[in-house]
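What follows is each chain in one-letter form.
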Amino acid sequence: MGAPRAPATIEPRGQHGMSASADAAHVADAEGAVGASETAVRLRGLRKTFGDVVAVDSVDLDIADGEFLTLLGPSGSGKTTVLRMIAGFELPTAGSIELGGRDVSQRPPFERDVNTVFQDYALFPHLTVLQNVEYGLRVKKVAKAERRQRATEALASVRLDGYGDRKPSQMSGGQRQRVALARALVNRPKVLLLDEPLGALDLKLREQMQVELKAIQREVGITFVFVTHDQEEALTMSDRIAVFNEGRIEQIGTPAEVYERPATEFVAGFVGTSNLLRGEASLKVLGLEGVFSVRPEKIHLGDPSQPLADGEHGADGTVAEVVYVGDATRFVVDLDAGGRLVALQQNVHRTSSDVAGLRGSRVRLVWRRDHEYRVHG
Amino acid sequence: MTISRPARIVLRILFLLGLLFIYVPLGVVVVNSFNADQTFSWPPTEWTTEWWQKMVENQGVRDALVSSIIVGLIATAVAMVLGTLVALALGRYAFFGRDTVSLLIILPIALPGIVTGIALNNVFTSYMGGLTFLSILIGHATFCIVVVYNNAIARLRRVGTSFDEASMDLGATSWTTFRLVTFPQIRSSLVAGAVLAFGLSFDEIIVTTFTAPPNIQTLPIWIFNNLFRPNQAPIVNAVAAALVLISIVPVYLAQRLSGNAAHAGGRI
Ligand SMILES: Nc1ncnc2c1ncn2[C@@H]1O[C@H](COP(=O)(O)OP(=O)(O)OP(=O)(O)O)[C@@H](O)[C@H]1O
Ligand SMILES: [Mg+2]
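What you see is a predicted model; the values in this text were computed from it and never measured. (Residues numbered from 1 in each chain as written. Chains lettered and ligands numbered in written order. Predicted model: local features only at pLDDT ≥ 70, side-chain atom pairs only at ≥ 80, totals over all residues. Heavy atoms only, no water.)

J.: Would you explain the interface of chain B and chain A in this entry?
T.: With 19 residues of chain B at the interface, the matching set in chain A holds 23 residues. Note on chain B versus chain A: buried area summed over both sides is about 1,800 Å², and carbon and sulfur give 64% of it. Our count for the contact surface shared by chain B and chain A stands at one salt bridge. The salt bridge partner of A:Arg84 is B:Glu165, with a shortest N-O separation of 2.8 Å. A per-class count over the side of chain B that touches chain A returns eight nonpolar, eight polar and three charged. (Contact = heavy atoms within 4.5 Å. Buried area = accessible area lost by both parts, 1.4 Å probe. Salt bridge = Lys/Arg side-chain N within 4 Å of Asp/Glu carboxyl O. Nonpolar A, V, L, I, M, F, W, Y, C, P; charged D, E, K, R; others polar.)

J.: Is there a simple way to think about the sheet that holds strand E18 (residues 372-375) of chain A in this case?
T.: What holds strands together in a sheet is hydrogen bonding between their backbones, with the strands either parallel or antiparallel. All names here are of chain A. Across the sheet, three strands lie side by side as E11-E12-E18; this open sheet has antiparallel pairing. Since the sheet does not close on itself, it has two edges, and those belong to strand E11 (276-277) and E18, each with one partner. Summarising the sheet, strand E12 (residues 291-294) and E18 pair through four bridges and their orientation is antiparallel. Note that in E18 the partner of Val 291 across the bridge is Val 375. (Pairing = 2+ DSSP bridges. Helix = DSSP H or I, 4+ residues; strand = E, 2+ residues; numbered from the N terminus.)

J.: Please explain the site of ligand 1 as it appears in this structure.
T.: All names here are of chain A. Taken together, 13 residues surround ligand 1, and among them Ser 75, Gly 76, Lys 79, Thr 80 and Thr 81 come closest. Here an oxygen atom of ligand 1 and a backbone polar atom of Gly 78 are 3.0 Å apart. Side-chain polar atom of Lys 79 to an oxygen atom of ligand 1: 2.8 Å apart, as the coordinates give it. When isolated, ligand 1 has an accessible area of 630 Å², and the protein chains bury 61% of it. Only strand E2 (53-64) and helix H2 (79-87) provide two or more residues apiece to the shell around ligand 1. Looking at the shell around ligand 1 element by element, the count peaks at three residues for H2. A per-class count over the shell around ligand 1 returns four nonpolar, seven polar and two charged. (Near = heavy atom within 4 Å. Polar contact = N/O pair within 3.5 Å; in protein donor to acceptor, adjacent residues only side chain to side chain. Areas by Shrake-Rupley, 256 points an atom, 1.4 Å probe, with all protein chains shown as cover.)

J.: I would appreciate a short explanation of helix H8 (residues 174-202) of chain B in the present structure.
T.: Since the α-helix packs 3.6 residues into each turn, any two residues three or four apart lie on the same face. Look at H8(B): only 35 Å from first C-alpha to last across 29 residues, short of the 42 Å you get at 1.5 Å a residue. At B:Phe183, H8(B) shows its maximal bend, which comes to roughly 55°, and the proline B:Pro184 appears one to four places after that position. (Expected span 1.5 Å × (residues − 1). Bend = angle between axes of the 7 residues up to and from the residue.)

J.: Can you walk me through the sheet that holds strand E16 (residues 340-346) of chain A in this structure?
T.: All names here are of chain A. Strand order in the open sheet formed by five strands is E13-E17-E14-E15-E16, with antiparallel pairing between adjacent strands. Two strands close off the open sheet at either side, each with one partner strand: strand E13 (300-302) and E16. Recorded for the sheet is a direction-independent mean angle of 45° between the axes of neighbouring strands. (Axes fitted to C-alpha atoms, helices over the stretch in contact; angles between N-to-C directions.)

J.: Would you mind going over the domain arrangement of chain A with me for this structure?
T.: Often, the extent of an interface is quoted as the loss of accessible area on bringing the components together. Residue and element names in this part refer to chain A. Split by domain assignment, chain A resolves into domain 1 (24-113 + 189-270) and domain 2 (276-375). Inter-centroid distance (C-alpha atoms) of domain 1 to domain 2 is 36 Å. When domain 1 packs against domain 2, close to 870 Å² is buried across both sides, 50% of that on carbon and sulfur atoms. Its largest share of buried area at the contact with domain 2, domain 1 owes to Tyr 259, Glu 260 and Glu 265, together 57% of the area lost on that side. For the salt bridge of Arg 278 with Glu 265, the shortest nitrogen-to-oxygen distance reads 3.0 Å. (Domains from an automatic or database assignment.)

J.: I tried to follow the pattern of salt bridges on my own but got confused; where do I start?
T.: All names here are of chain A. Applying the stated criterion across every chain, the model contains 25 salt bridges over all chains. Across the salt bridge formed by Arg 42 and Asp 62, the nearest N and O atoms sit 3.1 Å from each other. Of this pair, Arg 42 sits in strand E1 (residues 39-50) while Asp 62 sits in strand E2; the two residues are 20 residues apart in sequence, bridging distant segments of the chain. When the shortest N-O distance is used, the salt bridge between Lys 190 and Asp 65 registers 3.9 Å.

J.: Is there a simple way to explain the packing of helix H3 (residues 59-92) of chain B against helix H6 (residues 133-159) of chain B in this structure?
T.: Think of two packed helices as two axes; the pair is described by the angle between the axes and how far apart they sit. All names here are of chain B. Taken N-terminus to C-terminus, the directions of H3 and H6 make an angle of 40°; their axes are 6 Å apart at the nearest point. Here H6 runs oblique to H3, going by the angle between their axes. Note that H3 runs across H6; the crossing there is right-handed. Class assignment for the residues of the contact of H3 with H6 results in 23 nonpolar, four polar and one charged. (Parallel < 35°, antiparallel > 145°, perpendicular 65-115°, else oblique. Left-handed = near helix turned anticlockwise from the far one by under 90°.)

J.: Explain the packing of helix H5 (residues 113-127) of chain B against H6(B) here, please?
T.: Residues and elements named next belong to chain B. For the pair H5 and H6, the least separation of the axes is 11 Å and the interaxial angle reads 145°. In this structure, H5 crosses over H6, and the sense of that crossing is right-handed. Residues Thr 116, Leu 120 and Phe 124 of H5 touch H6, and the partners they reach there are Ser 135, Ile 138, Gly 139 and Thr 142. Residues that form the contact of H5 with H6 fall into these classes: three nonpolar, four polar and no charged.

J.: Would you take a moment to explain the pairing of strand E6 (residues 114-117) of chain A for this structure?
T.: For a regular strand, side chains alternate in direction, first toward one face of the sheet and then toward the other. All names here are of chain A. Burial of E6 is two-sided: the residues Val 114 and Thr 116 facing one way and the residues Asn 115 and Val 117 facing the other way are all buried. Summarising the sheet, E6 and strand E7 (residues 191-195) pair through four bridges and their orientation is parallel. Looking at E7, one finds that Asn 115 is bridged to Leu 192. (Buried < 20%, exposed > 50% of the residue type's maximum accessible area, 1.4 Å probe, protein only.)

J.: I would appreciate a short explanation of H5(B) in the present structure.
T.: All names here are of chain B. Over its 15 residues, H5 runs 21 Å from end to end, which matches the ideal 21 Å to within 8%, given 1.5 Å per residue. Those residues of H5 lying buried are Thr 116, Gly 117, Leu 120, Asn 121 and Phe 124. Take H5 and look down its axis: the buried residues cluster within an arc of 125°, on one side only. Positive phi appears at Gly 129, one or two residues downstream of H5, with a value of about 70°. (Arc of directions from axis to C-beta.)

J.: Can you walk me through the pairing of E1(A) in this structure?
T.: All names here are of chain A. In this sheet, E2 lies alongside E1 in antiparallel orientation, the contact comprising eight bridges. Across the sheet, Lys 48 pairs through a bridge with Val 56, a residue of E2. Hairpin remark: E1 followed by E2, antiparallel, with two residues in the connecting loop; positive phi at Gly 51, about 60°. By the bridge criterion, five bridges tie E1 to strand E4 (residues 94-99) in an arrangement that is antiparallel. Bridging from a neighbouring strand, Val 41 pairs with Leu 99 of E4.

J.: Looking at this model, I keep getting lost on the nonpolar core. Mind explaining?
T.: In a soluble, globular protein the nonpolar side chains are often hidden away together inside. A:Val41, A:Leu43, A:Leu71, A:Phe124, A:Tyr135, A:Leu193 and A:Val225 are the most contacted members of the largest nonpolar core, which totals 40 residues. Apart from the residues lying within four places of it in its own chain, the contact partners of A:Tyr135 are A:Phe124, A:Leu127, B:Ser167, B:Leu170, B:Ala172, B:Thr176, B:Thr177, B:Leu180 and B:Val181. If you look at the next biggest cluster of nonpolar residues, it comprises 34 residues, including A:Met171, A:Ala184, A:Leu185 and A:Met237. (Core = buried A, V, L, I, M, F, W, Y, C linked by side-chain atoms within 4.5 Å.)

J.: Please explain the packing of aromatic side chains as it appears in this structure.
T.: What characterises a pair of aromatic rings is the spacing of the ring centres plus the angle enclosed by the ring planes. All names here are of chain A. Counted according to the given criterion, the structure contains nine aromatic pairs over all chains. Where Phe 68 meets Phe 224, the ring centres are 5.5 Å apart and the plane angle is 35°; that geometry is what we call tilted. Taken as a pair, Phe 68 in strand E3 (residues 68-72) and Phe 224 in strand E8 (residues 223-228) lie far apart in primary sequence, 156 residues in all. The same class applies to Phe 68 and to Phe 224, which are both buried. An aromatic cluster is built from Phe 68, Phe 224 and Phe 226, whose rings are joined through pairwise contacts. Across from the ring centre of Phe 124, 4.8 Å away, lies the NZ or CZ of Arg 183, which sits over that ring. Of note, Arg 295 hangs over the ring of Tyr 259, and the distance from its end group to the ring centre comes to 4.4 Å. (Phe/Tyr/Trp six-rings, centres within 6.5 Å; stacked < 30°, edge-to-face > 60°. Lys NZ or Arg CZ within 6 Å of the ring centre and 35° of its normal.)

Encoded structure:
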């Protein structure tokens, strides 16, 4: 548990030591220390069916201690179901779940050292904000004075000091989100599960909370398993991303790996713009069979006469569409070899009036060979 | 929706007629309880509190009232416990045959009271050594449970399971979760259910007729038995008037509780 001591008021697990030995919250600490391993969560062959629907299928996943892992995928791909199985709200149809090296597959939620931030926050409406935050400590029989103090500190750490006496219904969406976060973090769980916690917020607040959430995660050093269907959110926040499709993991890797080297067509399409060369076009342009992905911003737009340097590939075509997007321009180019590619060019010199006339012009798309990746169906 | 002017006037008149239809007889009962004339000549010319006095002094009325209250309280208490438990079981856990069980629970209220009454009467007189206080209780509990159950399950459905999950996620066992999260959120609906159940039990006559032993009379039974004795008529009328006034309280309370709770999120 090598998390750096941070000035945060929510402190990493283990740093509270064994001083208050009779306190149940710390008993959980001791357990965690025994099972201390590099892997916080280990999923093996996880499967869940609801009647005929296969929600999750053969998911294998190792999540390291202190990692920020994102489950990314379209609606209905099984992200929430995986999270609910880790939390213990659903029992797996097959496969196993280990937390800190202990098999918890069949254990109820209250025997698992994880906490959840729900998409709708699920703050108890009949309790005040402070009572909500101290709930976890209360049911673990932490003494009243201590739990008051820790809950107050947790509220302060999400910048909600002074809001303790309000009811959740008197808080804004962003504030409720932070209460939910404080309510989970105050228990110092080994793993925090977050199901689209920013989904209900508007764009500005959402971006602000992304930064805050990431900062909090770094400070407390808790493993975060974060669910989203927003690829940008996933790319900016995660240490690693597991891309889900139809209940399976299509690819798992760092944001850069997933974005720049998508393993499958699905990932290439879901994370970023799908930009694929296939069949005839692959053969003519690359001299290779199969499907290849090149990210739009890796493609340079040149004159048809531009010579190709060593280690470069090029394809000629006609500009079919030009889209001005402010800081950049998207060129959709129909290739002579068949298919179309998108090239994204920074608007260093261009303005919107310049780009309009480029439609229909002949261009040569040029990219470095090490920026093209073979993807699988 | 907009309504044309003539239609609105017609609706208003019908509404008033409806109200009159309901409240004029009740008003007559209350007024007549102070009518000095034994035969209730109308309009009353002389006033008296004699009937109210006689009612209060009447031993039959007193005994019947006590029986009714005891039966109502116990039946309601039993219904509270069983109705809540069944609602929790059906509302929170999916299991094989859940819909069937749910139907079985609600059936007694749809079933004519006379059927319930005859069935219970048969069972008690044939196999359980005759009718007793217990048979009245069981008879009343059958429909009281339904009321409590219906109130509780409606609230449970509206509250949903996410708070229970959040509670268990934070380390609370099922029992602690019920105590700290589920119960506070369904409490007001249980109180409303209890008030209604007591009300139903209090004026029940059909099931009671079939399940009461000859030596026990509830208030409605007493009224029924004395209704056609001319010299008792003013007392019966006074009892009815008293019941009208007393009934307003629980009905008003139940309304407020279930109405309020809908937007206050379970706060009483
Ligand atoms: N309780 C349930 N009963 C039946 N089917 C379910 C249940 N929960 C989930 N499913 C199904 O399982 C599949 C995966 O659902 P899940 O909620 O895990 O998707 P998700 O990736 O979280 O989607 P979203 O982004 O929309 O939240 C879906 O097809 C869904 O309809
Ligand atoms: Mg989901």
